[in-house]
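These are the residues of each chain, in order.
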Amino acid sequence: MIDIIRIMLKVKIYDVCFDVKEGMSMNLVGSNKLQKMTTSIFQEVADRKQDAIKKGKDVIDLSVGSPDFPPPPYVIDALVEYTKDPSKYGYTLKGISEFNDAVSYFYKHRYSVELEPANEVLQLMGSQDGLAHLATAIINPGDYVLVPDPGYPIYEASVNIAGGIIYPMPLVAKNKFLPKLADIPEEILPRTKMMIISYPGNPVTALADKGFFEEVIAFAKQHNILVVHDFAYSELIFDGNPPVSFMSVSGAKEIGIEFNSLSKTFNMAGCRIGYVVGNKQAIQILASFKSNIDYGIFYPIQMAAVKALTSEFSYLRSQVKAYELRRDALISGLEKSGWQIAKSPATMFVWAKIPAGWSSREFAFELIEQAGVAVIPGDAFGELGEGYVRIALVQPPERLCQAAERIHEFLMEYSSR
Ligand SMILES: Cc1ncc(COP(=O)(O)O)c(C=O)c1O
């Protein structure tokens with residue numbers, strides 16, 4: 001009898017807990033913070049590309065900046081070797097010390113920067129991991145963050161997640177795509193906690209010199225602002241110019257950090273490994289935040305990264321040459337059609353001012369549909385990206401020449417209408 005009562009009670013409780021009628025979906029909406037994030041234009045371009053393919057069109061995809069080159073063979077070998085070791089499958093938490101040592105070695109040999117491996121280097125699951133979480137670890141609601149416009153989308157999204165206030169720093173051609181620090185309103189500076197810059201950046205491919213970095217350091221010291229330099233394209237710099245790390249400029253470590261990555265330099269984007277270097281306090285704060293949310297990167301990936309960072313650098317030179325060839329193929333091809341585009345001094349992108357009479361989106365969407373070439377509309381990167389498209393150099397030179405020819409025909413047809 002007692003058992004029957006128990007069973008009846010269980011049934012009752014079960015009914016109460018799971019009183020969801022079959023086929024009925026939850027009424028669930030994303031958080032207010034999520035609402036503030038822009039919907040992904042990257043997804044829209046991908047969907048439009050798929051639609052065009054379904055209609056039988058051959059699409060040359062120059063939209064996403066995922067490298068099509070392989071990692072160096074010795075990096076793949078290291079990954080394979082360590083993956084076979086069954087003892088390397090545990091959590092790695094903050095990462096192995098060999099990785100921090102390798103980053104210090106790389107920074108010393110490539111950028112003449114000395115780093116303390118234990119305190120001035122932090123491993124990240126791609127630099128995106130650090131860029132996405134830093135603001136939450138540093139910014140309180142109501143703090144201002146200076147963000148470039150146009151800029152890489154996570155800068156703005158991360159500040160929104162943290163409840164910070166964005167002050168956009170315009171990057172325009174007439175100022176060589178450098179922000180004018182004197183134009184930032186005095187009254188917001190006491191409430192400004194962080195400034196994000198990226199040279200060379202994405203989508204704006206401009207370079208900064210030491211003089212600009214010195215100006216930024218003086219400004220940041222005066223106003224007690226943390227400078228965040230995103231250096232993800234540190235090894236894709238063209239025309240014989242050397243990379244300039246923000247950390248190589250005197251005083252940088254006192255007020256700044258620099259994000260870097262193995263994604264573009266060593267074509268390890270899918271491995272999700274990057275790092276941040278510089279100011280100990282900022283690194284400690286981010287490390288403490290991360291210790292709550294992740295448990296480290298797969299050991300073999302870290303050892304493959306160690307191999308990449310400490311092997312000879314001739315590989316880097318040949319990669320730069322390969323991207324330079326692609327840039328030149330595309331830009332000279334487009335020049336023939338009368339579309340003059342400034343040559344990118346760096347990165348795997350071309351930031352192209354579009355012909356008059358188009359919005360960025362109209363131009364990009366028509367280009368997919370009519371010409372079979374996928375690019376990203378510039379407004380995806382901020383208000384001042386309107387009037388531009390970003391073209392990724394992720395196809396061989398022959399395919400880029402073909403893209404230029406298709407764009408030429410597209411422009412001819414539209415200008416004759
Ligand atoms: C400017 C910039 N910063 C950071 C990243 C993030 O790279 P990852 O997380 O692969 O290191 C990217 C990726 O495209 C980028 O373009």
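Structural notes, computed from the coordinates. Predicted model only: the values in this text are computed from it and were never measured. (Residues numbered from 1 in each chain as written. Predicted model: local features only at pLDDT ≥ 70, side-chain atom pairs only at ≥ 80, totals over all residues. Heavy atoms only, no water.)

### Describing the overall build of the protein chain
Next up, step 1: Secondary structure summary: the protein chain contains 14 helices and 12 strands in total.
Next up, step 2: Its C-alpha radius of gyration of 24 Å places the protein chain within 12% of the 22 Å reference for a compact globule of 417 residues.
Next up, step 3: Sorting the 417 residues of the protein chain into buried and exposed places 51% on the buried side.
Next up, step 4: Put simply, of all contacts in the protein chain between residues at least 6 apart along the chain, 75% involve residues at least 24 apart.
Next up, step 5: Accessible surface, the protein chain as shown: approximately 20,400 Å² in total, 56% of it carbon and sulfur. (Helix = DSSP H or I, 4+ residues; strand = E, 2+ residues; numbered from the N terminus. Rg over C-alpha atoms; globule rule 2.2 N^0.38 Å. Buried < 20%, exposed > 50% of the residue type's maximum accessible area, 1.4 Å probe, protein only. Contact = heavy atoms within 4.5 Å. Areas by Shrake-Rupley, 256 points an atom, 1.4 Å probe, with all protein chains shown as cover.)

### Some details on helix α11 (residues 299-310)
Next up, step 1: Under the 1.5 Å per step criterion, the end-to-end length of α11 is 17 Å for 12 residues, consistent within 8% with the ideal 16 Å.
Next up, step 2: Listed as buried for α11 are Tyr299, Pro300, Ile301, Gln302, Met303, Ala304, Ala305, Val306, Ala308 and Leu309.
Next up, step 3: Turning to α11, the residues buried within the fold contact α4 (73-83), α5 (97-111), β2 (121-124) and β8 (274-278). (Expected span 1.5 Å × (residues − 1).)

### Let's talk about the sheet that holds strand β12 (residues 388-392)
Next up, step 1: The sheet built from three strands is open, its strands ordered β9-β12-β11 with antiparallel pairing. A strand with exactly one partner marks an edge of an open sheet, and here the two such strands are β9 (349-353) and β11 (376-377).
Next up, step 2: In this structure, β9 lies alongside β12, joined through five bridges in antiparallel fashion. Counterpart to Val350 in the pairing with β12 is Ile391.
Next up, step 3: The sheet strands contacting helix α13 (residues 360-371) are β11 and β12, and the helix crosses β12 at an angle near 40°. (Pairing = 2+ DSSP bridges. Axes fitted to C-alpha atoms, helices over the stretch in contact; angles between N-to-C directions.)

### Some remarks on the pattern of salt bridges
Next up, step 1: Counted under the stated rule, the structure contains 18 salt bridges.
Next up, step 2: For the salt bridge of Arg406 with Asp58, the shortest nitrogen-to-oxygen distance reads 2.5 Å. Of the two residues, Arg406 is situated in helix α14 (residues 397-415) and Asp58 in the loop between α3 (41-54) and β1 (60-61); the sequence distance between them amounts to 348 residues.
Next up, step 3: For Arg406, a relative accessible area of 17% gives the class buried.
Next up, step 4: A salt bridge links Arg327 to Asp328, with the nearest nitrogen and oxygen atoms 2.9 Å apart.
Next up, step 5: Because the salt bridges share partners, they merge into one network encompassing Asp239, Arg327, Asp328 and Lys343. (Salt bridge = Lys/Arg side-chain N within 4 Å of Asp/Glu carboxyl O.)

### Remarks on the nonpolar core
Next up, step 1: Within the largest apolar cluster, 108 residues are counted, with the highest numbers of intra-cluster contacts made by Phe99, Tyr107, Leu262, Met268 and Trp339.
Next up, step 2: Ranked by size, the runner-up nonpolar core spans 26 residues in total, among them Leu131, Leu226, Ile257 and Ala287. (Core = buried A, V, L, I, M, F, W, Y, C linked by side-chain atoms within 4.5 Å.)

### Some remarks on the side chain of Ser198
Next up, step 1: Tracing the chain through its elements places Ser198 in the loop between β5 (192-197) and α8 (210-223).
Next up, step 2: Using a relative accessible area of 11% as the deciding quantity, one classes Ser198 as buried.
Next up, step 3: In this structure the side chain of Ser198 is engaged in a polar contact, spanning 2.8 Å, whose partner is the backbone oxygen of Asp230.
Next up, step 4: Not counting residues up to four positions away in its chain, the partners in contact with Ser198 are Tyr155, His229 and Asp230. (Polar contact = N/O pair within 3.5 Å; in protein donor to acceptor, adjacent residues only side chain to side chain.)

### Concerning the environment of Phe219
Next up, step 1: When you line up the elements, Phe219 lands in helix α8.
Next up, step 2: A relative accessible area of 9% places Phe219 in the buried class.
Next up, step 3: Through-space distance from the C-alpha of Phe219 to that of Val249 is 14 Å; in sequence the pair is 30 residues apart.
Next up, step 4: In this structure Phe219 touches Leu146, Leu181, Ile184, Leu189, Met195 and Ile225, once residues within four positions along its chain are discounted.

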